[in-house]
Amino acid sequence: MHYISTRGRAGAADFEGALLAGLASDGGLYMPASWPALSAAEARRIGEQPYAEAAASVLSLFTGEAFERRALGAMTAAAYAGFDDPAVAPLRQVGDEDYILELFHGPTLAFKDFAMQILGRMFDAALARRNETLTIIVATSGDTGSAAIEALKACARVNIVVLHPEGRVSEVQRRMMTSVIAPNVMNIAVDGSFDDCQAIVKQLFADDAFAGAVRLGGVNSINWARLAAQTVYYFTAWARIAEGAENISFVVPTGNFGDVFAGYAAKRMGLPVAMLGVAANANDILHRAISTGDYSPRGVQPTASPSMDIQVASNFERLLFEAKTRDHEALRVTMEGLARDRAIEIDNATLSAIREDFVSAAVSDKDALAEIARHEKATGDLIDPHTAVARVAAIRLRAAGAMSGKVVSLSTAHPAKFPEAVAQATGRAPVLPERYADLFDRPEEMRRAPASAEAVKTMVCDLYAENAS
Ligand SMILES: *Cc1c(COP(=O)(O)O)cnc(C)c1O
């Protein structure tokens, strides 16, 4: 298995190369040169395995020679041993044909742990083999940062720098990052939005001299290995409800388009998924793109679901690439147009291709909070605001006839990561799991920076110099 850049001007990479590079050198994103092809029966057999084994089975389709099946099995077993539910990704029925897939049982209480716990182990193995070190730099809208720090803090060969938009992540999210005090971990609060943080990361990667000097690597959801790891729970969830089901669809609370693209990847590999629902909050660029073809970033609006307060969804490039039947030239023209005009009008052929697999909805804070309250009344359980966005979208898409049959809404975060919104909606304060009982007493450590690549560069160089000596 090798990997090609969406923009077609970087050389092909093997799995390990794509893993360590993150972004391709031509600014494009790595994609598998061809999709692994499974029959429905094979897909089901994989999904019926215990979670860690299913993960090893799926990942082995992507890793080629980088990791053997046995090594993968050991890695996935260790990665998911720390989850606090024996099913790892338990599926709960919440209606006749409605389900919630709980993806928040990992060490940092959001779905990002699923990929990051694997990635940390893959980095460790690959860097040891190469006798190399890496400086990981990552922009976070709240959950990626803590998941990355948790997965990489013990890696002796990795420095990790996390940029978060100051004041725009919840206090629980911030403390989960800044209370990890280790010589190889640096948190930077950037005076700007998540998109500003992401733009800085892209600028640092584009600076070859700098990137080479500190051996820069990325773990944002542009990293193919993360998406590969996230395809797994689509298999296990699907297999659990496949018996007698005509249609199974998934609704995914979406920001950077990574998670829902993993669902698309599972479908392309042969998992019989009917539709994929893109659930957005007030930052509705993806909903506008899929429903009208207008992909034009507007200012980021803070919402009750901050992990989705994103306008430039990096992974959407991957879908455009597929929808344009992998025409590198056409994709490059489109991406250059986006950089120039700050907007794309998606052409009809591309849009029809997208709509074969995707539907979308945008959900206001008011409707999401009302759903948290309704859900609590109906089931006695609390859901977080991102999950609520997915549930509202699922209910609407079904009512509109855009989805039928069984619908699985992805629950991407634990409600206690967003206590203010949940308490506001229900009057009940969600309780953090035991292992975080003292979170608010732990000391924090972070730097502050303006939204400038130069300022961040200086801080990264300091960290690199400290740990190199
Ligand atoms: C990251 C995140 C999302 C959005 O996922 P993408 O892969 O960026 O689309 C949704 N919900 C939560 C809780 C998240 O942390």
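Residues numbered from 1 in each chain as written. Predicted model: local features only at pLDDT ≥ 70, side-chain atom pairs only at ≥ 80, totals over all residues. Heavy atoms only, no water.

Draft legend 1. Expanded view of the site of the ligand. Close contacts around the ligand come from 15 residues, with Lys 112, Asp 143, Gly 255, Asn 256 and Thr 412 the closest. Note that an oxygen atom of the ligand is positioned 2.4 Å from one of the side-chain N or O atoms of Asp 143. Between the ligand and Asp 259 there is a distance of 2.8 Å, counted from an oxygen atom to a backbone nitrogen or oxygen. (Near = heavy atom within 4 Å. Polar contact = N/O pair within 3.5 Å; in protein donor to acceptor, adjacent residues only side chain to side chain.)

Draft legend 2. Inspection of the side chain of Ser 5 at higher detail. Turning to its location among the elements, Ser 5 is positioned in strand β1 (residues 2-5). Polar contacts involving the side chain of Ser 5 include one to the side chain of Asp 26, which spans 2.7 Å. Residue contacts for Ser 5: discarding those within four places in its chain leaves Ala 10, Ala 24, Asp 26, Gly 28, Leu 29, Tyr 30 and His 328. (Helix = DSSP H or I, 4+ residues; strand = E, 2+ residues; numbered from the N terminus. Contact = heavy atoms within 4.5 Å.)

Draft legend 3. View of the packing of helix α2 (residues 40-48) against helix α11 (residues 232-241). Running from N to C, α2 and α11 cross one another at 100°; their axes reach a closest spacing of 7 Å. Classified by the angle between their axes, α2 and α11 sit roughly perpendicular to one another. Residue-level contacts link Ala 43, Arg 44, Ile 46, Gly 47 and Glu 48 of α2 to Phe 235, Thr 236, Trp 238 and Ala 239 of α11. (Axes fitted to C-alpha atoms, helices over the stretch in contact; angles between N-to-C directions. Parallel < 35°, antiparallel > 145°, perpendicular 65-115°, else oblique.)

Draft legend 4. Examining unusual backbone geometry more closely. A positive phi angle is found at Arg 215, which is not glycine, with a value near 55°. For Arg 215, the position within the fold is in the loop between α9 (208-214) and β9 (216-217). Judged by its relative accessible area of 35%, Arg 215 is partly exposed. (Buried < 20%, exposed > 50% of the residue type's maximum accessible area, 1.4 Å probe, protein only.)

Draft legend 5. Highlighting the packing of aromatic side chains. Taken as a whole and assessed by the stated rule, the structure comprises 19 aromatic pairs. On the basis of an interplanar angle of 65° and a centroid distance of 6.1 Å, the ring pair of Tyr 3 and Phe 15 is categorised as edge-to-face. On the criterion of sequence distance, the pair formed by Tyr 3 in strand β1 and Phe 15 in helix α1 (residues 15-21) is long-range, its members being 12 residues apart. Considered together, Tyr 3 and Phe 15 belong to a single accessibility category, that of buried residues. With a centroid separation of 5.8 Å and an interplanar angle of 40°, the aromatic rings of Tyr 80 and Phe 114 are classed as tilted. Of the two residues, Tyr 80 sits in helix α4 (residues 69-81) while Phe 114 sits in helix α5 (residues 112-130), which places them 34 residues apart along the sequence. Residue Tyr 80 shares its accessibility class with Phe 114, and that shared class is buried. Within the aromatic cluster, the residues linked to one another by ring pairs are Tyr 3, Phe 15, Trp 35, Phe 62, Phe 67, Trp 224, Phe 257, Phe 261, Tyr 264, Tyr 295, Phe 316 and Phe 358. Against the face of Phe 67 rests Arg 129, its NZ or CZ located 5.2 Å from the ring centre. (Phe/Tyr/Trp six-rings, centres within 6.5 Å; stacked < 30°, edge-to-face > 60°. Lys NZ or Arg CZ within 6 Å of the ring centre and 35° of its normal.)

Draft legend 6. Highlighting the pattern of salt bridges. Summed over all chains, the structure comprises 35 salt bridges. With its nearest N and O atoms 2.8 Å apart, the salt bridge here joins Arg 7 to Glu 317. With Arg 7 in the loop between β1 and β2 (13-14) and Glu 317 in helix α14 (residues 316-323), this pair connects stretches of sequence that are 310 residues apart. Its relative accessible area of 5% is what places Glu 317 among the buried residues. Linking Asp 367 and Arg 396 is a salt bridge whose minimum nitrogen-to-oxygen distance equals 3.0 Å. Taken as a pair, Asp 367 in helix α17 (residues 365-379) and Arg 396 in helix α18 (residues 385-399) lie far apart in primary sequence, 29 residues in all. Look at the salt bridges and you will find they share partners, linking Glu 97, Asp 98, Glu 371, Arg 374, Arg 391 and Arg 398 into a network. (Salt bridge = Lys/Arg side-chain N within 4 Å of Asp/Glu carboxyl O.)

Draft legend 7. Spotlight on the nonpolar core. Core analysis: the largest hydrophobic core is formed by 113 residues, its most contacted members being Trp 224 and Phe 316. Considering every element that reaches this core, the biggest residue donor is α5, with 9 residues. Beyond its immediate chain neighbours, meaning those up to four positions away, Phe 316 contacts Phe 257, Leu 286, Ala 289, Tyr 295, Ile 346 and Ile 354. Membership of the second largest hydrophobic core comes to 26 residues, among which are Val 251, Ala 388, Leu 397 and Met 403. (Core = buried A, V, L, I, M, F, W, Y, C linked by side-chain atoms within 4.5 Å.)

In short, shape yes, function no, at least from these values alone.
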